[in-house]
Structures are given as C-alpha cells and as structure tokens.
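Overview (structure and organization)
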Amino acid sequence: MRRAWITAAVALVLTGGATAYAVSVRQPAAPTGSTTLADDRIYFRDSAGQVASVRATDPSGPRQPLGLRCDRFAVAASSAICLTGDVGASLPTATALILDRDLHETRRIRLAGVPSRAQVSRSGRMLSWTVFVTGDSYRTSGFSTWTGILDTRTGYAVINMENIQLYVDGRRYYSPDVNYWGVTFAADDSTFYATVSTRGRTYLVRGDYAKWEAHTVTTGVECPSLSPDGTRIVYKRRDDAAPGAPWRLAVLELAGLRSVDLAETQGVDDQAVWLDPATVAYARNGRIFTVPADGTGTPRELISGGTSPVLLRAPG
C-alpha cells in the first residue's frame with residue numbers, strides 16, 4: 001500500500017523520464033560572481049539556510065558566505081552538491097544542484113521528496129543523496145527513502161538505488177520494503193557503504209557500484225561515514241535513552257566489527273563527517289560539534305548556528 005502511494009504521488013509530478021519533474025516551483029540558483037571553493041575550509045549551512053565557510057584552523061573566525069541556499073551541502077575535490085527542497089509544489093519535491101569548484105552549475109536533477117542526506121566521494125567523481133518520499137524523519141514508522149548516485153565522469157544517474165542486487169547474510173534477498181540511505185564512498189569510487197532497512201531490521205551494507213551489488217556487513221548501523229583511511233565508520237545507532245533524539249554516535253572498526261560509543265551522550269540525528277583521522281563533526285540542535293573518534297574526550301562546539309558540515313581537504 002505504501003509503495004503504491006509513493007508511485008502515485010511521484011506520477012503526479014514525474015514527466016519525461018526518470019530525472020525530469022515538471023512542477024512550477026522556485027528553482028535554486030547557482031551563485032554568481034567569482035566565488036571559488038577553497039581548500040582547508042569547513043563548509044556548512046548557517047542558521048539562515050545559506051552555505052558559508054570558515055578556515056579549518058580558525059572555525060570561530062570570519063565566515064565567508066557563498067550566496068547559495070541549501071538544505072544539505074557537500075563538497076570534495078572539484079565537485080559539490082546542493083540539495084534543496086522546492087517551494088510551492090503541491091507534493092514535496094527537491095533539486096540536486098551539481099556544482100564545480102567555481103560554483104558553476106553543471107547539472108540539475110529534480111527529485112520527488114524531502115532533502116535528507118548528501119555526500120561527495122573524496123575524488124569528487126561520485127555524488128550521492130537521500131530524500132524522504134513519505135514521512136519526514138527516521139523516527140517515523142513506515143518512512144520511505146530514495147537514495148541516488150551520480151557518476152560525474154560518465155554522467156549516469158541512479159535516482160533510486162533500491163533495485164541494486166542485495167545479499168543478506170550471503171544470500172540474494174528480495175523484499176518490497178527495502179530502503180537505502182546515507183551512502184559513503186571509498187577511495188576507489190566503486191566501493192561504498194550505506195544503510196538498508198527491511199522487515200524491521202537495519203543493516204550496514206558494503207556495495208560495489210561497478211558490479212551493482214550490495215552485501216550486509218552488520219546490523220544497527222545508520223547514516224555511515226567512512227574514515228579517511230577507509231578502516232572505520234562513524235555512524236548513529238539506535239538508543240531510545242539518548243536525550244533529544246533516539247540515536248548515539250559510535251565508530252565501527254571494519255576489520256573486526258568492533259564498535260565504540262563516542263563521548264557525545266546527547267541524541268544526534270545526523271550523518272557525521274570526519275575532519276581528520278581522529279576527529280568527527282556533526283550537527284546537534286542547530287550547532288556543529290566535534291568529538292574524538294576513539295570514545296575519549298568530550299564534545300566541543302566548533303561552529304554556532306550551523307548544520308551540514310564538511311571539510312574541503314587539499315589534494316593529497
């Protein structure tokens with residue numbers, strides 16, 4: 001029944017193929033001028049919804065606005081994605097605005113749903129996004145997500161990856177309620193990790209974009225983000241006792257599947273990111289915090305009035 005509702009809703013706005021939606025809405029505009037993305041800066045969405053940046057070495061220092069409004073923003077190397085909800089549509093729709101390093105628009109993908117997550121692979125080649133197509137939160141029972149992947153080298157876009165070949169505990173798996181979210185890519189631009197939920201269980205999957213298949217790794221991992229060296233994943237795990245949101249941040253070592261809770265004891269509903277091999281950043285209550293990735297230390301406020309943080313690293 002839920003899938004039928006989603007299909008019917010999308011049919012109302014979908015025209016001309018899988019990536020084109022025809023509705024009269026306010027379109028997000030790429031910034032004009034000479035703004036260029038700079039290395040070693042933390043980019044984030046400020047309290048007004050505008051993307052700004054600060055120097056990674058001085059996060060409390062002057063903020064540089066980009067003149068770009070996004071609900072989610074991510075950047076790496078020469079690619080950026082601005083995911084924004086459209087205004088004025090009768091049904092929730094969103095736009096994934098793909099930008100180059102000079103913030104010139106290279107592509108615009110119309111989506112059905114409410115913006116949730118966005119990430120860019122370290123090389124800038126692979127971009128991913130997640131939208132809610134029913135419900136508006138991971139807390140909502142019966143929610144559905146569409147997660148897409150764009151290969152900027154080939155131009156090929158997958159709007160909803162739910163048809164990827166899924167293997168649960170080594171066996172090919174089929175179910176109409178499969179939902180993916182929170183894709184994070186490894187350095188080879190083919191290996192990725194993501195969350196999949198089905199029949200009341202939530203799994204971490206390891207995927208292969210080239211083979212178009214995904215295999216479950218473990219359970220209870222949501223919104224994964226791969227460490228710079230590819231050996232660990234920071235994620236949120238269900239914890240109904242956590243204040244503010246029913247998730248706690250944790251780090252999983254992929255080699256032995258050992259997990260450690262981080263020192264942030266408040267509930268965090270975010271896809272955390274790595275600032276360096278020892279530190280992760282995340283948004284909580286409209287502010288951006290950091291915490292050590294080994295479970296020690298205490299949370300530290302990094303940026304006031306901000307969400308969707310990402311560090312644009314220098315090459316190498």
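These remarks concern the structure in this document. (Residues numbered from 1 in each chain as written. Predicted model: local features only at pLDDT ≥ 70, side-chain atom pairs only at ≥ 80, totals over all residues. Heavy atoms only, no water.)

**Focus: the overall build of the chain**
This is how the line gets drawn: Here a helix means four or more residues in a row that DSSP labels H or I, a strand means two or more in a row labelled E, and each is numbered from the N terminus. Working definition: with a 1.4 Å probe on protein chains only, accessible area under 20% of the residue-type maximum means buried, over 50% means exposed, and in between means partly exposed. Any two residues whose heavy atoms approach within 4.5 Å at even a single point are treated as in contact. In this description, accessible areas are obtained by the Shrake-Rupley approach with a 1.4 Å probe, and a residue is regarded as covered only by the protein chains that are shown.
Check the secondary structure of the chain and you find one helix and 26 strands. Here the chain holds 316 residues, and 53% of them are scored as buried. Taking the contacts inside the chain whose residues are at least 6 apart along the sequence as the reference set, 46% of them involve residues at least 24 apart. Just so you have it, the chain exposes about 13,500 Å², and 50% of that area is on carbon and sulfur atoms.

**A word on the nonpolar core**
One recurring pattern in soluble globular proteins: nonpolar side chains tend to sit buried together. Using the following cut-off: Among buried residues, those of type Ala, Val, Leu, Ile, Met, Phe, Trp, Tyr and Cys that are joined through side-chain atoms within 4.5 Å constitute a nonpolar core.
With 20 residues, the main nonpolar core has M161, L166, Y180 and F192 as its most contacted residues. Every element with two or more residues in this core is listed here: strand 12 (165-168), strand 14 (179-185), strand 15 (191-198) and strand 16 (201-208). Excluding residues within four positions of it along the chain, Y180 makes contact with T130, T145, T147, M161, E162, I164, L166, T195, V196 and V205.

**What to know about the state of the cysteines**
The following threshold applies: Disulfides are defined in this document as cysteine sulfur pairs within 2.5 Å.
All chains considered together, the criterion is met by one disulfide. Between the sulfur of C70 and that of C82 lies a disulfide, 2.0 Å long from S to S. Since a negative S-S torsion denotes a left-handed disulfide, the C70-C82 link at about -120° is left-handed. Here C82 lies in strand 5 (residues 79-85) and C70 lies in the loop between strand 3 (64-69) and strand 4 (72-76), a separation of 12 residues in the sequence.

**Examining empty space enclosed by the protein**
In plain terms, the rule: Only protein atoms enter the 1 Å grid used here. Points where a 1.4 Å probe fits but cannot escape make up a cavity, open sets with protein on both sides within 12 Å along at least five of seven lines make up a pocket, and a residue lines them when an atom lies within 4 Å of a point. Grid points are joined across faces, edges and corners, and a volume is the space filled by probe spheres set on the points.
Following the criterion strictly, the structure yields one cavity of 30 Å³ or more and no others. Considered as a void within the structure, the largest cavity measures approximately 30 Å³ in volume. R117, A118, Q119, S128, W129, T130, T147, G182, V183 and Q271 are the residues that line the largest cavity. For the lining of the largest cavity, the secondary-structure elements that each account for two or more residues are strand 8 (114-120), strand 9 (126-134) and strand 14.

**Regarding the pattern of salt bridges**
So the rule is basically this: Criterion for a salt bridge: a side-chain nitrogen of Lys or Arg within 4 Å of a carboxyl oxygen of Asp or Glu.
For the structure on display, the rule yields 13 salt bridges. Of the charged contacts, one joins R101 and D39 as a salt bridge, the two residues approaching to 2.4 Å between their closest N and O atoms. Within this pair, whereas R101 is found in the loop between strand 6 (93-100) and strand 7 (105-112), its partner D39 is found in the loop between helix 1 (2-13) and strand 1 (41-46), the two being separated by 62 residues in sequence. Classification of R101 as partly exposed rests on a relative accessible area of 25%. One continuous salt-bridge network, built from bridges that share partners, spans R117, K236 and D269.

**Quick look at the sheet that holds strand 6**
What links the strands of a sheet is backbone hydrogen bonding, and the strands pair in either a parallel or an antiparallel sense. Just so we agree on the cut-off: Following DSSP output, two strands are said to pair if at least two bridges run between them. Here, axes are lines fitted to C-alpha atoms. For helices the fit covers the stretch in contact, and angles between N-to-C directions go from 0 to 180 degrees.
Sheet architecture is open: four strands sit in the order 4-5-6-7, paired in antiparallel fashion. Where the open sheet ends on each side, the last strands, each with one partner, are strand 4 and strand 7. Within the sheet, the average angular offset between the axes of one strand and its neighbour, ignoring direction, is 15°.

**Structural notes on the pairing of strand 5**
Strand 5 sits mainly inside the fold: six of its seven residues count as buried. Bridge analysis of strand 4 against strand 5 gives five bridges, and the strand direction is antiparallel. In the sheet register, R72 faces strand 5, and the bridge partner there is L83. Where strand 4 folds back onto strand 5 in an antiparallel hairpin, the turn is made up of two residues, including A77, whose phi is positive at roughly 50°. One ladder, built from seven bridges, connects strand 5 with strand 6; its direction is antiparallel. Within the sheet, the bridge partner assigned to L83 lies in strand 6 and is A96.

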